[in-house]
Amino acid sequence: MTRFDKNRRPLVIGIGGTTRAASSTERALGFALRGAEQAGARTRLFGGAFLHSLPHYAPESAQRTDEQRELIEAVRHADALIIATPGYHGGVSGLVKNALDTLEELRADERPYLDGRAVGCIVTAYGWQAAGSVLTSLRSIVHALRGWPTPFGAGINTLETRFETADTCSDPKVVDQLATVGQQAAQFALAFRSHHAGHAAAHAASDDADDARGSRVLALAN
Ligand SMILES: Cc1cc2nc3c(=O)[nH]c(=O)nc-3n(C[C@H](O)[C@H](O)[C@H](O)COP(=O)(O)O)c2cc1C
């Protein structure tokens, strides 16, 4: 099976949340992943509790924990990602950044880091200022990892918007915005896949034509 097997639904990996049980960041990420599922993707969530189980990434060490390997393998096989962070002191939280630093292990891959993958970005913060500035920071991190930030990113002001449960949100506009992030990530994965499938088909057709031409030349020579 190739990475872009046309019969396989794209896999969208969600990374985000905080250590809090009722993390609004993780709940926002859940809404976005459901948007990706509606657009035809499979999804997998690495939430706050999982991210908290990751040790601080140490590049000089060759040893990786099971959890680190689990995250690295999942991202290696992902077709798109959605990353959700709270704004902590004007930046991406250490918990989420540590998970992203762990992706350094993908540097020597055929698709290094997040190469060729759409990445939806979500930020929650107690105010619009950090929601906007941290969204820009998160997108810069995605660029550094060679990912493709989706056109729409969601900045959520959690002073105004409440996620009372994992499935409820006080603002239907925010629900729509989060679904858009998920849909754009999944749609890019599907478009990228059909582009690759088209390329592979064009290459195969051109190889067939070359073979046919070669056979004719041989037939004439004989
Ligand atoms: C350590 C810490 C630092 C924070 N720094 C900021 C900040 O700089 N700007 C801001 O708007 N909110 C800040 N907040 C508020 C969080 O971004 C906000 O409450 C967020 O929605 C928490 O996400 P959660 O519900 O997933 O835990 C901070 C919260 C904490 C705990």
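For the structure itself, consult the block above.
Quick caveat: nothing in here was measured; it's all calculated off a predicted structure.

Things to note about the overall build of the chain
For step 1, the next point in the chain: Looking only at helices and strands, one finds six helices and seven strands in the chain.
For step 2, the next point in the chain: For the chain, the proportion of its 222 residues judged to be buried stands at 39%.
For step 3, the next point in the chain: Pairs at least 24 residues apart make up 80% of the contacts formed inside the chain by residues separated by at least 6 positions.

Description of the nonpolar core
For step 1, the next point in the chain: One finds V12, A32, A80, L81, I82, I122 and A185 to be the most contacted residues of the largest nonpolar core, which totals 53 residues.
For step 2, the next point in the chain: Element by element, the count of residues in this core is highest for helix α6 (residues 172-221), at eight residues.
For step 3, the next point in the chain: Leave out the neighbours within four places in its chain, and I122 touches G16, A28, L29, A32, I82, A84, G153, A154, L178 and V181.

Things to note about the site of the ligand
For step 1, the next point in the chain: Every one of the 16 residues lining the ligand counts as a neighbour, but S23, S24, T25, A125 and A130 are closest to it.
For step 2, the next point in the chain: At the level of elements, α1 (24-38), β3 (80-88) and β5 (118-125) are the ones that each hand at least two residues to the shell around the ligand.
For step 3, the next point in the chain: Sort the elements by how many residues they give to the shell around the ligand and β3 lands first, with three residues.
For step 4, the next point in the chain: Classifying every residue of the shell around the ligand by side-chain character gives five nonpolar, ten polar and one charged.

Quick notes on the pairing of strand β1 (residues 11-16)
For step 1, the next point in the chain: Within β1, five of the six residues are buried, leaving the element largely enclosed by the surrounding structure.
For step 2, the next point in the chain: Pairing of β1 with strand β2 (residues 42-46), which is carried by five bridges, proceeds in the parallel orientation. Each residue of the ladder has a partner; that of I13, found in β2, is R44.
For step 3, the next point in the chain: One crossover worth recording links β1 to the parallel β2 by way of α1, and it is right-handed.
For step 4, the next point in the chain: Note that β1 and β3 share five bridges and pair parallel. Residue pairing across strands places I13 opposite L81, the latter belonging to β3.

Rules used throughout
- Residues numbered from 1 in each chain as written.
- Predicted model: local features only at pLDDT ≥ 70, side-chain atom pairs only at ≥ 80, totals over all residues.
- Helix = DSSP H or I, 4+ residues; strand = E, 2+ residues; numbered from the N terminus.
- Buried ≥ 20, exposed ≤ 12 C-beta atoms within 10 Å, placed from the backbone.
- Contact = placed C-beta atoms within 7 Å.
- Core = buried A, V, L, I, M, F, W, Y, C linked by C-beta atoms within 7 Å.
- Near = placed C-beta within 6 Å.
- Nonpolar A, V, L, I, M, F, W, Y, C, P; charged D, E, K, R; others polar.
- Pairing = 2+ DSSP bridges.
- Right-handed = clockwise from strand over helix to strand, strands pointing away.

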